[in-house]
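Examination of the molecular architecture
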Amino acid sequence: MQDKRRTARSRMIKEARIAFGEVLLTCAAFDLSSTGARICLFDPVEVPEMVELRLPDGLLQPARRRWQQGTQVGLEFVGAAAG
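The paragraphs below set out a description of the structure included in this document. The structure displayed is predicted, hence computed values, not measured ones.

Cut-offs applied
Once a new chain begins, its residue numbering starts again from 1 and follows that chain's sequence as written. It should be noted that, the model being predicted, local features are given only for residues of pLDDT at least 70 and side-chain atom pairs only at 80 or more, the latter also being counted only at that level, while totals for whole chains, interfaces and linings use all residues. Side-chain numbers here rest on the full set of heavy atoms in the structure, without hydrogens or water. Helix numbers and strand numbers start at the N terminus; a helix is a DSSP run of H or I with at least 4 residues, a strand a run of E with at least 2. Two residues qualify as a contact provided that any one of their heavy atoms is within 4.5 Å of a heavy atom in the partner residue. Where accessible areas are quoted, they stem from the Shrake-Rupley method and a 1.4 Å probe; at the residue level, only the protein chains shown are allowed to cover. Side-chain atoms within 4.5 Å link the members of a nonpolar core, which is a set of buried Ala, Val, Leu, Ile, Met, Phe, Trp, Tyr and Cys residues. For every residue, the accessible area (1.4 Å probe, protein chains only) is compared with the maximum for its type, and the residue is labelled buried under 20%, exposed over 50%, or partly exposed between those bounds. Criterion for a salt bridge: a side-chain nitrogen of Lys or Arg within 4 Å of a carboxyl oxygen of Asp or Glu. Strands pair, by our definition, only if DSSP identifies at least two bridges between them. Lines fitted to C-alpha atoms define the axes here, with helix axes fitted over just the stretch in contact, and angles between the N-to-C directions of these axes take values from 0 to 180 degrees.

Of the regular secondary structure elements, the chain holds zero helices and six strands. Beginning at the N terminus, the succession of helices and strands in the chain can be written as β-β-β-β-β-β. In the chain, 38% of the contacts between residues at least 6 apart in sequence involve partners at least 24 apart. Of the roughly 5,400 Å² that the chain leaves accessible, carbon and sulfur atoms contribute 50%.

Here it is, written out as structure tokens:
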């Protein structure tokens, strides 16, 4: 199967957090790239359209939910990262 992504993704597992409103959830980040990530939530939660992904190195990345299937969520990075 051919990978049609515009940027290369590195397969890794990092503990991360997603934040929205007053909610902060711990998750695992997979397949990170410069344009997005796939995350796995530890609990089934409906993720809103806009979130902030917080990586262990202190990077805060605004992101848009592109898809969600159960605890798996695809994020597209939007805006500039901070941290």
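Following the structure, the description resumes.
Within soluble globular proteins, side chains that are nonpolar tend to cluster in buried spots. Ile18, Ile39, Leu41, Leu53 and Leu75 are the most contacted members of the largest nonpolar core, which totals 18 residues. Mapped onto this core, the elements with two or more residues apiece are strand S1 (14-20), strand S2 (23-30), strand S3 (36-41), strand S4 (50-54) and strand S6 (72-77). Sequence-distant contacts of Leu75, that is, excluding residues within four places in its chain, are made with Ile18, Thr35, Gly36, Ala37, Ile39, Val51, Leu53, Ala63, Arg64, Arg65 and Arg66.

Next up on the list: the pattern of salt bridges. A full pass over the atoms with the stated rule returns five salt bridges. Across the pair Asp31 and Arg38 runs a salt bridge whose closest N-O atoms are separated by 3.2 Å. Note on Asp31: relative accessible area 6%, which makes it buried. As a salt-bridge pair, Arg54 and Glu52 come within 3.0 Å of each other at their nearest N and O atoms.

Moving on to the environment of Glu15. Note that Glu15 resides in strand S1. Taking relative accessible area as the criterion, Glu15 reaches 47% and is therefore assigned partly exposed. C-alpha of Glu15 to C-alpha of Ile39: the two residues are 24 residues apart in sequence and 9.5 Å apart in space. The residues touching Glu15, leaving out its near neighbours within four places in the chain, are Thr26, Cys27 and Pro56.

Our next topic: unusual backbone geometry. Although it is not a glycine, Asp31 adopts a positive phi angle of roughly 50 degrees. Inspection of the secondary structure puts Asp31 in the loop between S2 and S3.

This part covers the sheet that holds S6. The strand order around the closed barrel formed by six strands is S1-S2-S3-S6-S5-S4, and the pairing between neighbours is antiparallel. In this sheet, neighbouring strand axes are inclined to one another by 45 degrees on average, regardless of whether the strands run parallel or antiparallel. Relative to S6, strand S5 (residues 60-69) runs antiparallel, the two being bridged by six bridges. From the neighbouring strand, Trp67 faces S6, where its bridge partner is Gly74.

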